[in-house]
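Commentary on secondary and tertiary structure
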Amino acid sequence: MTAKGIHVLCMLFSFAWIVLESEATTFDYNKNIDFPMTKTSRAVNYCDNIIRAKNITNQKYNVFIHEPENVIKNLCPDGYTGPVRTPELHVTLCRYLYGYLVITGRYPLTIYCENGLITEYSLTLRLGGKL
């Protein structure tokens with residue numbers, strides 16, 4: 001490959017986008033909330049430890065929300081049924097694929113409310129841009 005070809009290839013990779021999207025998942029307050037966030041020595045250990053501690057059987061995608069109870073309860077308006085796009089919340093995404101990909105940060109969720117209570121959630125992350 002010529003030097004020009006290598007530069008073009010590097011430029012294409014530098015603008016690559018990664019899109020991670022979790023499927024709509026049933027919300028379980030006891031399993032999806034981790035506040036304050038459990039401390040571990042390494043990010044990868046966080047996913048292993050929290051999934052075992054909470055006895056979670058779905059290891060493909062797991063989202064843990066690190067927000068206080070009053071913030072979570074105010075995401076769905078009283079009596080409301082329908083979808084809601086949340087403000088940015090402190091979350092950790094654990095994606096299992098021969099080991100855990102761990103993404104922690106502030107991201108909005110799409111939640112579904114039923115009578116003012118969260119019943120489902122999903123998370124779409126678009127990571128990328130120029131490296």
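Residues numbered from 1 in each chain as written. Predicted model: local features only at pLDDT ≥ 70, side-chain atom pairs only at ≥ 80, totals over all residues. Heavy atoms only, no water.

Identification of the protein chain as Ribonuclease from Erythrolamprus poecilogyrus is taken from an unreviewed UniProt entry.

**Remarks on the sheet that holds strand S5 (residues 89-96)**
What links the strands of a sheet is backbone hydrogen bonding, and the strands pair in either a parallel or an antiparallel sense. Judged by pairing direction, the sheet is antiparallel, and its three strands sit side by side in the order S3-S5-S6 without closing on themselves. Looking at the sheet topology across the chains shown, the edges are occupied by strand S3 (61-65) and strand S6 (100-107). Each strand axis lies, on average, 20° off the axis of its neighbour in the sheet, ignoring direction. Of the pairings in the sheet, the one linking S5 to S6 comprises eight bridges and is antiparallel in character. Paired with Leu93 across the strands is Ile103, a residue of S6. (Pairing = 2+ DSSP bridges. Helix = DSSP H or I, 4+ residues; strand = E, 2+ residues; numbered from the N terminus. Axes fitted to C-alpha atoms, helices over the stretch in contact; angles between N-to-C directions.)

**A few points about the side chain of Lys54**
Structurally, Lys54 is set in the loop between helix H3 (43-53) and S3. No salt bridge forms around the buried Lys54; measuring N to O, its nearest opposite-charge neighbour Asp34 is 5.1 Å away. A distance of 2.9 Å separates the side chain of Lys54 from the backbone oxygen of Ile33, its partner in a polar contact. Ignoring anything within four residues of it in the chain, the contact list for Lys54 reads Asn30, Lys31, Ile33 and Phe64. (Buried < 20%, exposed > 50% of the residue type's maximum accessible area, 1.4 Å probe, protein only. Lys, Arg positive; Asp, Glu negative; His and termini not counted. Salt bridge = Lys/Arg side-chain N within 4 Å of Asp/Glu carboxyl O. Polar contact = N/O pair within 3.5 Å; in protein donor to acceptor, adjacent residues only side chain to side chain. Contact = heavy atoms within 4.5 Å.)

**Observations concerning the state of the cysteines**
Under the defined criterion, the tally for this structure stands at two disulfides. With its sulfur 2.0 Å from that of its partner, Cys47 forms a disulfide with Cys94. Since a negative S-S torsion denotes a left-handed disulfide, the Cys47-Cys94 link at about -85° is left-handed. Here Cys47 is found in helix H3, whereas its partner Cys94 is found in strand S5, with 47 residues between them in sequence. Each member of the pair, Cys47 together with Cys94, is buried. Sequence-ordered numbering of the bonded cysteines in the protein chain yields a pairing of 1-3, 2-4. (Disulfide = S-S within 2.5 Å.)

**Focus on the nonpolar core**
Grouped together as the largest cluster of nonpolar side chains are 20 residues, with contacts concentrated most on Ile65 and Ile111. At the level of secondary structure, the elements contributing two or more residues to this core comprise S3, S5, strand S7 (110-114) and strand S8 (117-122). Those residues in contact with Ile111, other than ones at most four positions away along the chain, are Leu75, Cys76, Gly82, Pro83, Val84, Thr86, Ile118, Glu120 and Tyr121. One finds Cys47, Ile51, Phe64 and Tyr100 within the second-largest nonpolar core, a separate group that totals eight residues. (Core = buried A, V, L, I, M, F, W, Y, C linked by side-chain atoms within 4.5 Å.)

**A closer look at the side chain of Thr86**
Relative to the assigned elements, Thr86 resides in the loop between strand S4 (82-85) and S5. The class of Thr86 is buried, set by a relative accessible area of 5%. In terms of polar contacts, Thr86 uses its side chain to reach the backbone amide nitrogen of Leu109, at 2.8 Å. When near neighbours in sequence (up to four residues on either side) are disregarded, Thr86 contacts Leu75, Pro108, Leu109 and Ile111.

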